[in-house]
Amino acid sequence: MSQSVLAPNDLEAYWMPFTANRAFKQAPRMLGRAKDMHYFTPDGRKLIDAAAGLWCCNAGHSRDPIVKAIQDQAAELDFSPPFQFGHPKAFQLATRLADLAPGDLDHVFFSNSGSEAVDTALKIAIAFHNVSGQGARQRLIGRVRGYHGVGFGGIAVGGMVANRKFFGSALPATDHLPATYNRAEQAFTRGEPEWGGHLADELENIVALHDASTIAAVIVEPMAGSTGALPAPRGYLQKLRAICDKYGILLIFDEVITGFGRLGHAFAAERYGVVPDMITFAKGVTSGTVPMGGVIVRKHVYDAFMKGPEHAVELFHGYTYSAHPLACAAALATLDVYEKEHLFENARKLESKWADAVHSLRGLPNVEDIRSIGIVGAIDLAPKADGAGKRGLDAMNEAFHRQDMLVRVAGDTIALSPPLMLNENHIAEIVDKVGKTIRAIA
Ligand SMILES: Cc1ncc(COP(=O)(O)O)c(C=O)c1O
């Protein structure tokens, strides 16, 4: 590692995303390489990865079969235009993903990120109603404390204040379901909270206000990840499905985080026995190695577009890098690793041990709530008197600089989501280090 990268003055040019740039550049948290469950700093310190990078690296880091697939693909076919041309791995991957998804979710549209996946799904929803003769259905319903990426579509249906307030009104025709989190009713819940299923009924009120004939789709995360890991209450998603069916509204599950084993199944839709009309995915599809996202749609949605003259483009949408060969090769190799190593089953098998371990942190200084589901843990810490988010930042710094661990924080919540190749020793190590972190910053 050259000294220039370690010297703060040379960090100026890079405007870092979702980062306190000035604080980072004073005390950088720099990563040099990664393998399996660990990151290594440029000066060789080994850190356990308690965040799967950024909810991405579900298969672990720099796994040999995935690395080789990417290298081989770069040498064989570097790029293939996705408009009017195809390459075999794109079709193979779409078939594999359709096989993984429940019900008749059997067609896949590729993007390069979760944000693009969300914008794609929202556009498909509006266009679907258009081609079905219901062009007045343009309104999109999200949820308070939802996160659907940073495109204008995603922030319009999203429910994180900071992501919305700086950027104007985004899309005009939106509305939001209430957040499902209520600490008084749900604190220290393992898995799905018992309280809150009734909040799905709020969709009836939204329909009553706008009329179903103007509503295209509802989009929710089965577990809101980026606002602090908030699992859907028991029965909530099933209720949303029933109300959407009643009014001809499309239901979209944003599974950018919950997809690919995070909740113990290929998709959370399977865990809940609910088949949405579309699933958005990204992150874990390539275990974070090459950017890729996409939307899996049900047959009736795809079929609605397959009309008209056969020489005509059916959906005016796509990205230069949709189904990029490197991403497809990485995704196929990643799905092989998930399958061969039974990583989704591993997550399911360890869920209860993981929950026991994470909930053992109850009672530590400043811990106000703990949530767990699948291989996800969230520990809410009391905000410091001098500013929300400061204790969270302290936790991330303490973990990184002194406990040799990478964690993600959302405000004052420590969010844990290690790679799914973890074992019981990793669980013990992570929770021990989180405990030391919380005590150290008290
Ligand atoms: C549920 C959800 N949707 C969309 C996104 C946006 O994905 P990306 O950052 O790849 O654009 C994220 C990112 O964390 C997410 O958690």
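All values reported here derive from a predicted model rather than from experimental measurement.

On domain assignment, one finds that the chain holds domain 1 (31-59 + 342-440) and domain 2 (67-340). For domain 1 and domain 2, the distance between their C-alpha centres works out to 26 Å. Across the contact, 29 residues belong to domain 1 and 28 residues belong to domain 2. Among the secondary structure elements, those contributing two or more residues to the side of domain 1 that touches domain 2 are α3 (52-55), α15 (343-359), β13 (367-373), β14 (376-381) and β17 (413-416).

For any two helices packed against each other, the geometry comes down to the angle between their axes and how far apart the axes lie. At a minimum axis separation of 9 Å, helix α5 (residues 88-100) and helix α14 (residues 325-340) run at an interaxial angle of 40°. Classified by the angle between their axes, α5 and α14 sit oblique to one another. Every pair of crossing elements has a handedness; the one defined by α5 and α14 is left-handed. Two secondary-structure elements touch here, α5 through Lys89, Ala90, Gln92, Leu93 and Arg96 and α14 through Pro325, Cys328, Ala329, Ala331, Leu332 and Leu335. Each residue belonging to the contact of α5 with α14 can be placed in one class, and the counts come to 8 nonpolar, 1 polar and 2 charged.

Here helix α6 (residues 114-131) contains 18 residues, and its C-alpha end-to-end distance of 25 Å stays within 8% of the 26 Å for a straight helix at 1.5 Å per residue. Looking one or two residues beyond α6, the residue adopting positive phi is Gly133, at roughly 80°.

The next subject is the site of the ligand. Neighbouring the ligand are 15 residues; Ser113, Gly114, Ser115, Gly149 and Val256 lie closest to it. Tallying contributions element by element places α6 first for the shell around the ligand, with 3 residues. In terms of residue class, the shell around the ligand is built from 5 nonpolar, 8 polar and 2 charged.

Among the nonpolar cores identified, the biggest contains 128 residues, and Ala217, Val218 and Val407 are the most heavily contacted of them. Residue contributions to this core peak at 10 residues, all from α14. Shared between two domains, this core holds at least three residues of each, these being domain 1 (31-59 + 342-440) and domain 2 (67-340).

All right, on to helix α4 (residues 64-76) then. Between its first and last C-alpha atoms α4 spans 18 Å; for 13 residues at 1.5 Å apiece the expected length is 18 Å, and the two agree. For α4, every residue scored as buried is listed here: Ile66, Ala69 and Gln73. Buried residues along α4 cover an arc of 60° about the axis, so they all sit on one side. For α4, the exposed residues lying more than 90 degrees away from the buried face are Asp64, Lys68, Gln71, Asp72 and Ala75.

In this sheet, β14 lies alongside β13 in antiparallel orientation, the contact comprising 6 bridges. Within β14, the position partnered with Ile373 by the bridge is Val376.

Our focus in this paragraph is the sheet that holds strand β11 (residues 278-281). Taken together, the 7 strands give an open sheet; going across it, the order is β4-β12-β11-β10-β7-β5-β6, and neighbouring strands pair in mixed fashion. Because the sheet does not close on itself, it has two edges, and the strands there are β4 (105-111) and β6 (174-177). Taking the axes of each pair of neighbouring strands and ignoring which way they run, one obtains an average angle of 20° across the sheet. In the sheet, β4 pairs with strand β12 (residues 293-298) via 6 bridges, with the strands oriented antiparallel. Within the sheet, the bridge partner assigned to Val108 lies in β12 and is Ile296. Sitting on the sheet, α5 touches β4 and β12, and the angle it makes with β4 is about 130°. Contacts from helix α11 (residues 236-247) reach β7 (215-220) and β10 (250-254), with the element oriented near 150° to β10.

Parameters and conventions
Residues numbered from 1 in each chain as written. Predicted model: local features only at pLDDT ≥ 70, side-chain atom pairs only at ≥ 80, totals over all residues. Domains from an automatic or database assignment. Contact = placed C-beta atoms within 7 Å. Helix = DSSP H or I, 4+ residues; strand = E, 2+ residues; numbered from the N terminus. Axes fitted to C-alpha atoms, helices over the stretch in contact; angles between N-to-C directions. Parallel < 35°, antiparallel > 145°, perpendicular 65-115°, else oblique. Left-handed = near helix turned anticlockwise from the far one by under 90°. Nonpolar A, V, L, I, M, F, W, Y, C, P; charged D, E, K, R; others polar. Expected span 1.5 Å × (residues − 1). Near = placed C-beta within 6 Å. Core = buried A, V, L, I, M, F, W, Y, C linked by C-beta atoms within 7 Å. Buried ≥ 20, exposed ≤ 12 C-beta atoms within 10 Å, placed from the backbone. Arc of directions from axis to C-beta. Pairing = 2+ DSSP bridges.

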